Amino acid sequence: MTTPDELEQQHTLSTATTRYDELRMREALAAMTENDGAEALTREETLELLALSEVVIRKAGYGRQPMVRSARAAGASWNQIGAALGTSKQAAWETHNRWIEDQARQHELTGYQGLNHDEASAARGLAGSPD
């Protein structure tokens, strides 16, 4: 059985979305033509499609908080960031601050991953308050 963990190691975000789109299109065409030449997905392909959807969500999510940091560095307000994420400024700010704390904890545990003390302090400063 194909799992998201297996596929995540095999694919970049780009290759995962390409494969997802390919399978999704085949599935849609087969449903529209109802045995008129388009081949329906096998059980294995359907499970791969499901697992790929999780991989795409994960990989897209990995870059979210660094992009929030970039938006703040470029002068974006928490209102603007919240709107871009489809949430409130408070929720965007809280999520970002949890991420900073998680990154700081990760560095404390591993000594190399995440944000070191100075990086976490700088990230907190950049995050500021939720305006």
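The structure under discussion appears in the preceding block.
A brief report on the enclosed structure follows. All of these numbers come straight from a predicted model, not from anything done at the bench.

Rules used throughout
- Residues numbered from 1 in each chain as written.
- Predicted model: local features only at pLDDT ≥ 70, side-chain atom pairs only at ≥ 80, totals over all residues.
- Heavy atoms only, no water.
- Helix = DSSP H or I, 4+ residues; strand = E, 2+ residues; numbered from the N terminus.
- Rg over C-alpha atoms; globule rule 2.2 N^0.38 Å.
- Buried < 20%, exposed > 50% of the residue type's maximum accessible area, 1.4 Å probe, protein only.
- Contact = heavy atoms within 4.5 Å.
- Areas by Shrake-Rupley, 256 points an atom, 1.4 Å probe, with all protein chains shown as cover.
- Lys, Arg positive; Asp, Glu negative; His and termini not counted.
- Charge placed at Lys NZ, Arg CZ, Asp CG, Glu CD.
- Axes fitted to C-alpha atoms, helices over the stretch in contact; angles between N-to-C directions.
- Left-handed = near helix turned anticlockwise from the far one by under 90°.
- Nonpolar A, V, L, I, M, F, W, Y, C, P; charged D, E, K, R; others polar.
- Arc of directions from axis to C-beta.
- Patch = residues over 30% accessible without salt bridge, like charges linked within 9 Å, V, L, I, M, F, W, Y side chains within 5 Å.
- Salt bridge = Lys/Arg side-chain N within 4 Å of Asp/Glu carboxyl O.

## Digging into the overall build of the chain
Phase 1 of the analysis: Scanning the chain from N- to C-terminus turns up 7 helices and 0 strands.
Phase 2 of the analysis: N-terminal to C-terminal, the α/β element order of the chain is α-α-α-α-α-α-α.
Phase 3 of the analysis: Against the globule reference of 14 Å for 131 residues, the chain gives a C-alpha radius of gyration of 20 Å, more extended than a compact globule.
Phase 4 of the analysis: Across its three principal directions, the C-alpha atoms of the chain cover 60 × 35 × 20 Å.
Phase 5 of the analysis: Within the span of the chain, comprising 131 residues, buried residues form 26% of the whole.
Phase 6 of the analysis: Excluding contacts between residues fewer than 6 apart, the proportion of contacts in the chain whose partners are at least 24 apart in sequence is 58%.
Phase 7 of the analysis: Within the structure as shown, the chain displays about 8,500 Å² of accessible surface, and the carbon and sulfur contribution to it stands at 53%.
Phase 8 of the analysis: Between the centroid of the 13 positive side chains of the chain and the centroid of its 20 negative side chains there is a distance of 7 Å.

## Comments concerning the packing of helix α2 (residues 13-33) against helix α3 (residues 43-62)
Phase 1 of the analysis: Orientation of α2 relative to α3, taken along the N-to-C sense of each, is 145°, at an axis distance of 9 Å. Of the two possible hands of crossing, α2 and α3 adopt the one that is left-handed. Counted together, Leu13, Ala16, Thr17, Arg19, Tyr20, Leu23, Arg24, Arg26 and Glu27 of α2 and Glu45, Glu48, Leu49, Leu52, Ser53, Val55, Val56, Lys59 and Ala60 of α3 form the full contact between these two elements.
Phase 2 of the analysis: Grouping the constituent residues of the contact of α2 with α3 by class yields 9 nonpolar, 2 polar and 7 charged.

## Overview of helix α4 (residues 64-73)
Phase 1 of the analysis: Taken residue by residue, α4 has Gln65, Val68 and Arg72 as its buried positions. Down the axis, α4 shows its buried residues gathered within 50° of arc, on one side only. Facing away from the buried side of α4 by over 90 degrees, the exposed positions are Met67 and Ala73.
Phase 2 of the analysis: Each element contacted by the buried residues of α4 is listed here: α5 (78-85), α6 (89-110) and α7 (117-127).
Phase 3 of the analysis: Gly75 occupies a position one or two residues after α4 and carries a positive phi of about 100°.

## So, the environment of Ala30
Phase 1 of the analysis: For Ala30, the location among the structural elements is in helix α2.
Phase 2 of the analysis: By relative accessible area, Ala30 is classed as buried at 13%.
Phase 3 of the analysis: Residues Ala30 and Ala40, spaced 10 residues apart in sequence, show a C-alpha to C-alpha distance of 5.2 Å.

## Focus: a nonpolar patch on the surface
Phase 1 of the analysis: Residues Met25, Leu29 and Met32 make up a contiguous nonpolar surface patch of roughly 330 Å² in combined accessible area.
Phase 2 of the analysis: Position of Leu29 among the secondary structure elements: in helix α2.

## A look at the pattern of salt bridges
Phase 1 of the analysis: The full count for this structure, using the stated rule, is 9 salt bridges.
Phase 2 of the analysis: A salt bridge links Arg58 to Asp5; its shortest N-O distance comes to 2.6 Å. Taken together, the residues Arg58 in helix α3 and Asp5 in helix α1 (residues 4-10) connect sequence positions 53 residues apart.
Phase 3 of the analysis: Taking relative accessible area as the criterion, Arg58 reaches 24% and is therefore assigned partly exposed.
Phase 4 of the analysis: Given a relative accessible area of 48%, Asp5 falls into the partly exposed group.
Phase 5 of the analysis: A cluster of three or more residues bridged by salt bridges with shared partners is formed by Asp5, Glu8, Glu54 and Arg58.

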